[in-house]
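Here's the letter readout for the chains.
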Amino acid sequence: MSAVGKKGRDGTTSSALRAAGVRVSYGDRTVLDGLELDITSGTVTAVVGPNGSGKSTLLKTLARLLRSAEGTVFLDGTAITSLPTAAVARRLAVLPQGPTAPGGLTVGELVEQGRYPHTGPLRMLRMQDHEAIRTALTLTDMTAYAARPLDSLSGGERQRAWIALALAQDTPTLLLDEPTTFLDIGHQLEVLELIRRLNRERGLTIVLVLHDLNQAARYAERLVVLDRGRIVADGVPRDVLTTALLAEVFGVRTHILADPESGAPLCLPYGVVGHD
Amino acid sequence: MRPCHGVVRATTAVAPLPRSAGARRFPILLASVGALVVALAALHIGLGTVRIAPGEIAAAMLDRAADPVHRQIVWELRLPRMLIALVAGVMLGLAGALLQAITRNPLASPSLTGISAGGVLAVVAWLSFAPAGLAGGGVLPLLALAGGLATIALVYTLSWQGGSDPTRLALCGILVGAICSALTLLLLVLDAQRLGSVLRWIIGSINGRVWVHWEILWPWALVALPLGLLSAGAANALGLGDATAAGLGQRPERARAALLFVAALLTAGAVAVVGAIGFIGLIGPHLARRLVGDDARRAFPLSALVAAAILLAADVVAQALTLDFPFGDATRRAGLPVGALTALLGAPFFLYLMLREER
């Protein structure tokens, strides 16, 4: 696929985000178990896996919304917990799953919050803040909605408003937790095309959790498959999506074809393993 | 499009974004509610056993009153009373707006989070048990503050389950508030002699408030009001949920605790001087948000002004009722407590707003 990682000074690809030996548990239940993951700058990585496999937990841990019991997350080579929260928010934006806001807030007011880590205690906006807000609204095609309250929007529009909030943070790295949930197929593709555009045109490093394996294979250059808190497969979609893996992880019997348009692998699930 | 991230130097000048209806309305609304507050303040000063015309009030204020009695009434009695109603209203309105933002619950208010009840309990306990010589004056706000802070700390601790949660916070507040109110009543039953004077204070009243009380109130207002207004930005981020707020670089737990502290400061200062006047800290912010939207930078200042207008208006009505319809001797002497009126009119009004919103 196209996007090439930014080359470091020594000619190697640089790491935007790295999880080293990360273990996270909720009470007795270990959700992530000694996880190792290195995200290269300027790439799109999709995290897939069955429900409860730890995808959201992984994303939250990478974004330091959750603290790991063991191990460290490195943001641009620095331990993320050693950085001030605002400094992290200037380098990494995260859109959690199913975010909520007061319904009377307008799109413009929501997106303006993306400048929170860039502004002083009085939250006064400078020229570059207005520009970033403007750019975020343009990229998501939400400029015309700026004065509209959130509760007057459709699901797709609202999702785009939230993505605009993350974009207004103007960070080199963007983490998105199921950005296409609750959207119809048209809006899903719109969001995915936007993600591709942000990566190709602006070099953003993007990690996203997706449910749809075929969309993940088409829009990400790297798939990370999680199962019960461990990475069970990691690589380019063509290598990762195999009948054996899908049977093992998702428990489904599939045929895998090549997408006639993009050449990406295309899974056709036929049934549940053991029920045929 | 350029192939790098980073602030994009706009190729064209940044045109201002279209503003929301709430944002467009805000300056006009702020000015008109401000004017309403001034008018109500004049009415408030003018009304009483001796009615004073607006012209006379202005003359008295400028020390040029035709009637020296009028000058004395305005300066010694009416002016401090009006200022206390005004500032207490502002404080309770801002506290309510803060609490509604923190709990993400439009039903939160100083009285429903236990802060008022805790402050009242501390003061009543002090009035019941302290040596007679010490019972009064400047120590009361400190007690109300200690009581309010202790209550909100207790509520915060009780609702903590690996993190604080706005809904649990609101529910614990209601329960702890109920316990405080019950304990207050118990103290009053044990010490029935004080019932009359303390009860007016529990209901909340501005009657008989003079410069001594103003001296207690203004320092709190001076500290807590700017803090409350300046926390609007933090409240906006917190309103997007803990995960989003943390993603924006805020520490949500710390921000929530800090905003609760400011709300407790505002509430305790007001409660210490005028008592637990209910519902204006609920209705003021509610009305304000309906008018200018949920952005705290607009909702906070307007909530404060609307609440002040409501408290002044309610006290004007309470005085008028006292004059025209004497409710027994005690009321005629001491005046109808405004807290009774705000509760009586405020609760049904709030019910009406809620039912209308449901539709």
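Another aspect to go through is the overall build of chain B. Each helix and strand counted, chain B has 15 helices and zero strands in total. Among the 359 residues that make up chain B, the fraction classed as buried is 51%. For chain B, the proportion of contacts with a sequence separation of at least 24, taken over those separated by at least 6, is 78%.

Now for the overall build of chain A. Counting its regular elements, chain A contains nine helices and 12 strands. The C-alpha atoms of chain A give 19 Å as radius of gyration, which agrees with the globular expectation for 276 residues (19 Å, within 12%). Overall, the C-alpha framework of chain A stretches about 60 × 45 × 40 Å when taken along its three principal axes. Residues counted as buried form 49% of the 276 residues belonging to chain A. A separation of at least 24 residues holds for 63% of the contacts in chain A among residues at least 6 apart in sequence.

Residue and element names in this part refer to chain A. Pairing is antiparallel in the open sheet, where four strands are placed in the order β2-β1-β4-β5. The open sheet is flanked by β2 (29-40) and β5 (78-79), the only strands paired with a single partner. Pairing of strand β1 (residues 15-26) with β2, which is carried by eight bridges, proceeds in the antiparallel orientation. Bridging across to β2, V22 finds its partner in L35. Across the sheet, helix α1 (residues 55-62) is in contact with β1, β2 and β4 (70-75); its angle to β1 comes to roughly 120°.

The next subject is the domain arrangement of chain B. Considered domain by domain, chain B is made up of domain 1 (47-73) and domain 2 (109-203 + 241-273). Its C-alpha centre places domain 1 of chain B at a distance of 39 Å from the equivalent point of domain 2 of chain B.

Take the interface of chain A and chain B next. Contact with chain A, which involves 37 residues of that partner, is made by 30 residues of chain B. Residue assignment for the side of chain A that touches chain B shows that the elements contributing at least two residues are α2 (85-91), β6 (92-95), α3 (107-112), α4 (127-139) and α6 (185-202) of chain A. Ranked by residues supplied to the side of chain A that touches chain B, first place goes to α4(A) with six residues. When the residues that make up the side of chain A that touches chain B are grouped by side-chain class, the tally is 20 nonpolar, 10 polar and seven charged.

Moving on: unusual backbone geometry. All names here are of chain A. Of note in the backbone geometry, R64 takes a positive phi value of approximately 50° without being a glycine. Along the chain, R64 falls in the loop between α1 and β4. A positive phi angle is found at D141, which is not glycine, with a value near 60°. Positionally, D141 belongs in the loop between α4 and α5 (155-168).

This next bit is on α1(A). Residues and elements named next belong to chain A. In terms of burial, α1 is largely enclosed, as seven of its eight residues are buried. Residues K55, T57, L58, L59, K60, T61 and L62 constitute the buried set of α1. Phi turns positive, to about 50°, at R64, one or two residues after α1.

All names here are of chain B. Running from amino to carboxyl end, helix α8 (residues 211-230) crosses helix α11 (residues 252-274) at an angle of 165°, the nearest separation of the two axes being 9 Å. In terms of orientation, α8 lies roughly antiparallel with respect to α11. For the element pair α8 and α11, the recorded crossing hand is left-handed. Contacts between α8 and α11 pair H213, I216, L217, W220, A221, A224, L227 and G228 from the former with V262, L265, L266, G269, A272 and V273 from the latter.

Each strand in a sheet pairs with another by means of backbone hydrogen bonds, the pair being arranged parallel or else antiparallel. Residue and element names in this part refer to chain A. Taken together, six strands build an open sheet; the order of strands is β6-β7-β8-β3-β9-β10 and the sheet is mixed. Pairing within the sheet leaves two strands with one partner each, and these edge strands are β6 and β10 (230-235). Shown here is a sheet whose adjacent strand axes are inclined to one another by a mean of 15°, direction ignored. Both β6 and strand β7 (residues 173-177) contribute to a ladder of four bridges, which runs parallel. For L92, the partnering residue across the bridge sits in β7 and is T173. Across the sheet, α1 is in contact with β3 (44-48), β7, β8 (205-209) and β9 (222-227); its angle to β8 comes to roughly 150°.

Let's shift gears to the environment of W214(B). Residue and element names in this part refer to chain B. Inspection of the secondary structure assignment puts W214 in helix α8. Residue class for W214 comes out partly exposed when judged on the 17 C-beta atoms lying within 10 Å of it. Sequence separation between W214 and V189 is 25 residues; the distance between their C-alpha atoms is 30 Å. Leave out the neighbours within four places in its chain, and W214 touches P80, L83 and I84.

Turning to the packing of helix α3 (residues 68-103) of chain B against α11(B), a few remarks are in order. Residues and elements named next belong to chain B. Running from N to C, α3 and α11 cross one another at 150°; their axes reach a closest spacing of 9 Å. The angle between the axes of α3 and α11 places the two elements in the roughly antiparallel class. Remark: the crossing between α3 and α11 carries left-handed chirality. Here α3 contributes I84, A88, M91, L92, L94, A95, L98, L99 and I102 to the contact with α11, which in turn contributes R256, L259, L260, V262, A263, L266, T267, G269, A270, V273 and V274. Looking at side-chain class alone, the contact of α3 with α11 contains 17 nonpolar, two polar and one charged residues.

All names here are of chain B. Predicted confidence across chain B gives a mean pLDDT of 83, with 88% of residues reaching 70 or more. Least confident of the elements in chain B is helix α14 (residues 328-334), whose mean pLDDT is 56; most confident is helix α9 (residues 232-238), at 94. Counted against residues more than four places away or in other chains, residues 1-12, with its pLDDT under 50, gives 18 contacts. ipTM for the predicted complex: 0.87, alongside a pTM of 0.87.

Residue and element names in this part refer to chain A. Among the five residues in β8, five count as buried, and that is most of the element. Burial of β8 is two-sided: the residues T205, V207 and V209 facing one way and the residues I206 and L208 facing the other way are all buried. By the bridge criterion, four bridges tie β3 to β8 in an arrangement that is parallel. Bridge pairing links T45 to V207 in β8.

Turning our eyes to something else, we now look at the nonpolar core. All names here are of chain B. Counting residues in hydrophobic clusters, the biggest one holds 196 residues, and the most contacted among them are A88, M91, L98, L311 and L312. In terms of residue count, the dominant contributor to this core is α3 (20 residues). Counting contributing residues per domain, this core is built from domain 1 (47-73) and domain 2 (109-203 + 241-273), each supplying no fewer than three. Sequence-distant contacts of A88, that is, excluding residues within four places in its chain, are made with L217, A270, V273, V274 and L311.

Residue and element names in this part refer to chain B. Assignment of secondary structure puts V176 in helix α6 (residues 166-190). Residue V176 is classed as buried on the basis of its C-beta count, with 21 C-beta atoms lying within 10 Å. Between the C-alpha atoms of V176 and I115, which are 61 residues apart in sequence, the distance is 9.2 Å. Among residues more than four places away in sequence, those in contact with V176 are G114, T151, L154, V155 and L158.

This part is about the confidence of the model for chain A. Low-pLDDT stretches of the model should not have their predicted coordinates read in fine detail. Looking at chain A, the pLDDT average stands at 89 and 95% of residues meet or exceed 70. Predicted confidence for residues 1-11 of chain A stays below pLDDT 50, and this span has 22 contacts to residues more than four positions away or in other chains.

Cut-offs used in this document
Residues numbered from 1 in each chain as written. Chains lettered and ligands numbered in written order. Predicted model: local features only at pLDDT ≥ 70, side-chain atom pairs only at ≥ 80, totals over all residues. Helix = DSSP H or I, 4+ residues; strand = E, 2+ residues; numbered from the N terminus. Buried ≥ 20, exposed ≤ 12 C-beta atoms within 10 Å, placed from the backbone. Contact = placed C-beta atoms within 7 Å. Rg over C-alpha atoms; globule rule 2.2 N^0.38 Å. Pairing = 2+ DSSP bridges. Axes fitted to C-alpha atoms, helices over the stretch in contact; angles between N-to-C directions. Domains from an automatic or database assignment. Nonpolar A, V, L, I, M, F, W, Y, C, P; charged D, E, K, R; others polar. Parallel < 35°, antiparallel > 145°, perpendicular 65-115°, else oblique. Left-handed = near helix turned anticlockwise from the far one by under 90°. pLDDT = per-residue confidence, 0-100. Core = buried A, V, L, I, M, F, W, Y, C linked by C-beta atoms within 7 Å.

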